Every structure is written in structure tokens, then in C-alpha cells.
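What follows is each chain in one-letter form.
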Amino acid sequence: ESEQFAILINAYNAFAVNMVIQNPAKLRLGKLTWPIKSIRDISGFFKAVWDLPAGEISGQQYSLNEVETTLRGMNDSRIHACIVCASVSCPDLQFFAYEANQIDAQKNYSMSHFLSNTGKGLYID
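Residues numbered from 1 in each chain as written. Predicted model: local features only at pLDDT ≥ 70, side-chain atom pairs only at ≥ 80, totals over all residues. Heavy atoms only, no water.

Undergrad: Hey, could you run me through the nonpolar core in this one?
TA: Taken as a class, soluble globular proteins show a tendency for nonpolar side chains to be buried jointly. Counting 28 residues, the largest nonpolar core has Ile9, Phe15, Val67 and Leu71 as the members making the most contacts within it. Those elements giving two or more residues to this core turn out to be helix H1 (2-22), strand S3 (53-57) and helix H2 (64-72). The leading source of residues in this core is H1, at 9 residues. Contact partners of isoleucine 9, with chain neighbours within four places excluded, come to Leu71, Ile79, Cys82, Ile83, Tyr98 and Ile103. (Core = buried A, V, L, I, M, F, W, Y, C linked by side-chain atoms within 4.5 Å. Buried < 20%, exposed > 50% of the residue type's maximum accessible area, 1.4 Å probe, protein only. Helix = DSSP H or I, 4+ residues; strand = E, 2+ residues; numbered from the N terminus. Contact = heavy atoms within 4.5 Å.)

Undergrad: When you look at the pairing of S3 in this model, what are you seeing that I'm missing?
TA: Across a regular strand the side chains alternate sides, sitting on one face of the sheet and then on the other. Of the pairings in the sheet, the one linking S3 to strand S4 (residues 60-63) comprises 4 bridges and is antiparallel in character. Bridge pairing in S4 places glutamate 56 opposite glutamine 61. Adjacent in sequence and paired antiparallel, S3 and S4 are bridged by 2 residues, among which serine 58 carries a positive phi angle near 50°. (Pairing = 2+ DSSP bridges.)

Given below as C-alpha cells:
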């Protein structure tokens with residue numbers, strides 16, 4: 001299970017970042033028109049960016065939504081602080097890759113880092 005967490009978290013983060021890199025400008029009528037302001041600008045006419053093919057894991061194509069749904073099904077709320085949707089309000093992309101032998105400590109670190117960031121995680125007024 002630790003290995004699966006690490007693989008899926010790393011895949012999600014890499015897929016989200018790659019989605020932005022591969023789609024730096026908005027398409028309109030088949031022409032690049034302006035830089036995207038949000039990962040949501042990548043959405044197609046009939047599909048949100050979260051449901052577009054994002055990458056392969058073990059030879060199978062996955063969307064960001066499919067990877068996140070699999071992670072959520074593993075019943076660990078800390079994953080929400082580990083996966084980065086490439087939006088300003090999302091957790092920061094960590095400086096490390098998640099590893100099976102360190103996954104619990106890395107998930108704890110990511111959660112505490114996210115919650116301590118008053119601009120993102122938790123703010124008590």
C-alpha cells in the first residue's frame with residue numbers, strides 16, 4: 001500500500017505539472033490565443049481538464065480525476081495535502097518525490113506544511 005501511495009501521488013503531481021507545460025496557451029478555433037491563467041483553462045469543450053487523458057501508469061491511460069479517485073479510495077485524508085492540482089490554492093509542490101519507505105513521514109510533513117500556510121491551508125481569524 002505504501003508503494004501504491006507513492007506511485008499514485010508522484011504520478012498525479014507529474015501529470016498535473018505536465019498538463020500545464022504541454023498546454024501553455026488557450027486554444028480557440030484551433031489557434032493559440034492567450035496564455036492560460038489556470039489549469040482549468042485547459043478544459044476541452046465537453047470535458048474538464050480533470051477528466052482529460054493525463055498520462056500512463058503501467059501502460060494504462062489515466063486522467064487526473066481517476067488518479068485522485070483511486071487515492072481517495074485508499075482512505076487517508078493526508079493525500080489532499082500531497083497532490084498538487086497546479087492551482088494557487090492547492091498545496092505547494094514538495095521538493096521531494098514520495099517514497100514508499102518514507103510515505104507516512106512525507107504525508108505528515110505535507111499536511112503540516114499545508115495547514116501552516118495561512119494563504120492556503122488553514123486560517124483562523
